[in-house]
Amino acid sequence: MQTLTFHLDGLSCAGCVSRAEKALTKAEGVETAEVNLANESARVVVRDGGTEAVLGALKEAGYPARVRSVTYAMAGMSCAGCVRKAEAALAGAPGVVAANVNFATETATVQYLDGAASPGEIAARSTKAGYPARVQEDDSPEIDAKADEAAKLKRDVCIAAALALPVFVTEMGGHLIPALHHWLMAHVGMQTLYVMQFVLTSALLAGPGRQFYAKGFPALFKGAPEMNSLVALGTSAAYLFSVVSTFTPGWLPVGAAHVYYEAAAVIVVLILTGRWMEARAKGRTGTAIRQLIGLQPRVARVERKGAVQEVSIDAVAVGDVVHLRPGERVAVDGRVIDGQSYIDESMLTGEPVPVAKKAGEAVIGGTINGQGALRYEAEKVGRETMLAQIVAMVRDAQGAKLPIQARVDRVTAVFVPAVMVVAALTFLIWMLVGPAPAFGPALVAAVAVLIIACPCAMGLATPTSIMVGTGRAAQLGVLFRKGDALQSLRDCKVVAFDKTGTLTMGQPELTDVALAQGFDEAEVLTLVAGAEARSEHPLARALVRGAEARALDVPSVEHFEAQVGMGISAEVSGRRVLVGAARFMAQEAADFATFEGQMDALAEAGKTPICVAIDGQAAAVLAVSDPVKPGSEAAVRVLHEMGLKVAMISGDARGTAEALAARLGIDHVVAEVLPDGKVAALQELRAAFGNVAFVGDGINDAPALASADVGLAIGTGTDVAMEAADVVLMSGDLAGVINAFEVSHRVIRNIGQNLFWAFGYNVALIPVAAGVLVPFGGPALSPMLGAGAMALSSVFVLSNALRLRRVKLVLSEVRA
């Protein structure tokens, strides 16, 4: 199975999404399919070789996949057999539709699904197979499809408006200004005006308005009407009735012959204007993604054949030595070989202070070099770079469907057919009870119902807010790996923090040494350092650093055994050394009763007591203290202000954990928890308070991150933790937790506003368009006003979603 994410054409409303998904799920080899209206993309899990079936299903449904073409300069081919192998390698890349290699010109032309792969990734497949491929520069520029769509719609609007203006002025102007009406009748004549309106309206509908009929009627005939079907039906009814009134009025009842050319013309102009504004707004919803992609340099300076050459970023390979000059962006992820500089990594972490880099330090693609020059070895390229993974995470989150969307989908699936039924009933009721001649008013009311209904607004309400919200969150250093975490986070009642490395710096230091009678400090610390030298635990590293700071030699360990969450036993210089918690000493029958008072005092001071037994005797109690992260106390305070409970889960002794909790204002403490007990601790918190968000950073936090309703991983932690989390906080600062909750609350509130408007608009105005207020002296809604309202409803939803781009960073507030 392979997962393909690519762009579609022809999506205009929530009904289109439903039909595209149905078409995809019926295609051979497709396991699951999700279509997103906001970014006009599909995410399909399909068997290898099933791409053709996917393309065929989408084309038949009227929502063709967007296919790009790229040309490569090929190398390494020496015969026709090479051509077949190169073609097979290129065609095997995910998302490739067709690959054609030309042996004579040493080029390859590849068609691929837009969004499923990049030209560089496809080229890497061929290069790996032994046929190096390089994108031909004149074929490599990316096309901004949304900008192209907006430009085309703008042209259509201008042409349509030019054609509709004379129709509108001669018809409506005559109603509004009697003198103009008399002048037109005297100098032009009614029949001539009708013919002129017929010619201009026909040109408008056949030109700029053709798209509504080309999409709407086929969908209607297939029994799957959508937004375009409503517009096509409404305008066609008004136009055809006007044609009959113009050329064969005798076919109509006496007094029923009226023309509505201006209605058909202005409806098309207004809806095209709305779609143009919608395309421009949709383009802005993807600003965050474009800005992230824009951080990637186009070229890199790479050592090749003894010289430094400037090459395309797609041509950089793992192992290449890259030169970085002052002020340049880092091309790809790598490790410094030589040189010193400071690099601005704020695009990843939000931290404004540049980070010092020297030989052996890692550099991240897209970050900005300071005044120094560096040489570094490329370690990750293409989709493997941190920047590419961030972009991928944001795109995945933007394409997600929240639980609330399922309810919206159920409504939109039947909305268009329901509107058509309402329009038909409106026509029949007007014909039955309306004043004679009733045909004209009945037609106007039915057309108004068809035109004013707007499933687009309902379809856009959720995905546009998700797109803008997750994009803005990424700019704030919060990456939603799973889009549904936006809604889940809003529903959380308690936030549980791991202590070490999350609330604290994760770099504890040795602070106290209490010795038993007959033991020497240097001797004890030397043996402890030797025993802990192999351990990577933060507390172990603190003990080793404490010995090294006292200029003590660290001996080698002869035997080492660790008990997770308890301590370690080792043989050092012929002595048996035990280092760990008091419960570990009790298990090993080492008596530390004389140290109980000192251990309690250390714990009350927020320090972690560590017991040391040598050859079975209590030798010392050491204390380490892990400094609290700046902003931790303020972060807890802000979470309380948000109405959330705050808990801490720690393996420390209860006294130590409670001392830290009291200092930070934490509500609930779960102490002396072994790593495999964190999941159980979360279950207890869930039972007591409700949904739980867990914040952690280490490998041993991964099960808890996966078990929590929402797992938030500190970005400075381990890859395992980040893989298990729903949300990744790029900075180690706990302000990221606040930012994540802020974005979640703002996005869900924004979605609620959009849905209220989208549903409220349709519920309120469809009856008005049908004329329910007319018997009570109220107005009958003109189809032209209905078209304007419908166009503006989608624009309102998009504009409201775009307000999320103004969500502010809460970082400075937390640190205040």
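The structure this text deals with has already been given above.
What counts, and at which threshold
- The numbering scheme is per chain: residues are counted from 1 as the chain's sequence reads.
- Restriction of local features to residues with pLDDT of at least 70 applies here, the model being predicted, together with a cutoff of 80 or more for giving and counting side-chain atom pairs; totals for whole chains, interfaces and linings are based on all residues.
- Side-chain numbers come from the whole structure's heavy atoms, not from hydrogens or water.
- To qualify as a helix, a DSSP run of H or I must reach at least 4 residues; to qualify as a strand, a run of E must reach at least 2; elements of each kind are numbered from the N terminus.
- Residue exposure (1.4 Å probe, protein chains only): buried if accessible area is under 20% of the type maximum, exposed if over 50%, otherwise partly exposed.
- Contacts are assigned to residue pairs that have any heavy atoms within 4.5 Å of one another.
- For the area figures, the Shrake-Rupley method with a 1.4 Å probe applies, and any residue is considered shielded solely by the protein chains shown.
- Within this scheme the basic residues Lys and Arg register as positive and the acidic residues Asp and Glu register as negative, but His and the chain ends are omitted.
- Lysine's charge is taken at NZ, arginine's at CZ, aspartate's at CG and glutamate's at CD.
- The patches described consist of residues with a relative accessible area above 30% and no salt bridge, like charges being joined within 9 Å and nonpolar side chains (Val, Leu, Ile, Met, Phe, Trp, Tyr) within 5 Å.
- Whenever a carboxyl oxygen of Asp or Glu lies within 4 Å of a side-chain nitrogen of Lys or Arg, that contact is scored as a salt bridge.
- For two strands to be treated as a pair, DSSP must find at least two bridges joining them.
- To get an axis, fit a line to the C-alpha atoms, keeping to the stretch in contact for a helix; angles then go from 0 to 180 degrees between the N-to-C directions.

Peer 1: Is there a simple way to explain the overall build of the chain in this structure?
Peer 2: If you tally the helices and strands in the chain, you get 30 helices and 29 strands. Dimensions of the chain, computed from C-alpha atoms along their principal axes, come out at roughly 120 × 75 × 50 Å. Every one of the 816 residues in the chain was classed for burial, and the buried ones make up 52%. Counting contacts in the chain only where the partners sit at least 6 residues apart, residues at least 24 apart contribute 69% of the total. Total accessible area on the chain stands at roughly 34,900 Å², and carbon and sulfur atoms take up 57% of it. One way to put it: in the chain the 69 positive side-chain charges average out to a point 9 Å from where the 80 negative ones average out.

Peer 1: Sorry, what's going on with a positive patch on the surface here?
Peer 2: On the surface, a cluster of positive charge is contributed by Lys154, Arg280, Arg284, Arg749, Arg803, Arg805, Arg806 and Lys808. Here arginine 806 lies in the loop between helix H29 (783-802) and helix H30 (811-815). Overall, arginine 806 belongs to the exposed group, its relative accessible area being 53%.

Peer 1: Would you explain the environment of proline 225 in this entry?
Peer 2: In this fold, proline 225 is placed in the loop between helix H8 (210-221) and helix H9 (227-247). Between the C-alpha atom of proline 225 and that of isoleucine 343, which follows or precedes it by 118 residues, the distance is 55 Å. Excluding residues within four positions of it along the chain, proline 225 makes contact with Arg19, Ala219, Leu220, Val416, Pro417 and Met420.

Peer 1: Just to check I follow, could you spell out a negative patch on the surface for this structure?
Peer 2: A contiguous patch of negative charge, built from Asp591, Glu596, Asp600 and Glu604, is present on the exposed surface. For glutamate 596, the position within the fold is in helix H22 (residues 596-604). Residue glutamate 596 is classed as partly exposed on the basis of its relative accessible area of 48%.

Peer 1: Please clarify how the sheet that holds strand E1 (residues 2-7) should be interpreted in this entry.
Peer 2: Consider a sheet: its strands pair through backbone hydrogen bonds, and that pairing is either parallel or antiparallel. Across the sheet, which stays open at both edges, the three strands sit in the order E1-E3-E2 with antiparallel pairing between neighbours. At either end of the open sheet lies a strand with only one pairing partner, and these are E1 and strand E2 (30-36). Between one strand axis and the next, the sheet turns by 15° as a mean value, whatever way the strands run. As defined by bridge partners, E2 adjoins strand E3 (residues 41-46) across six bridges and the pair is classed as antiparallel. Following the sheet pairing, threonine 32 is matched in E3 by valine 45. Across the sheet, helix H1 (residues 14-26) lies against E2 and E3, angled at about 165° from E2, the strand it touches most.

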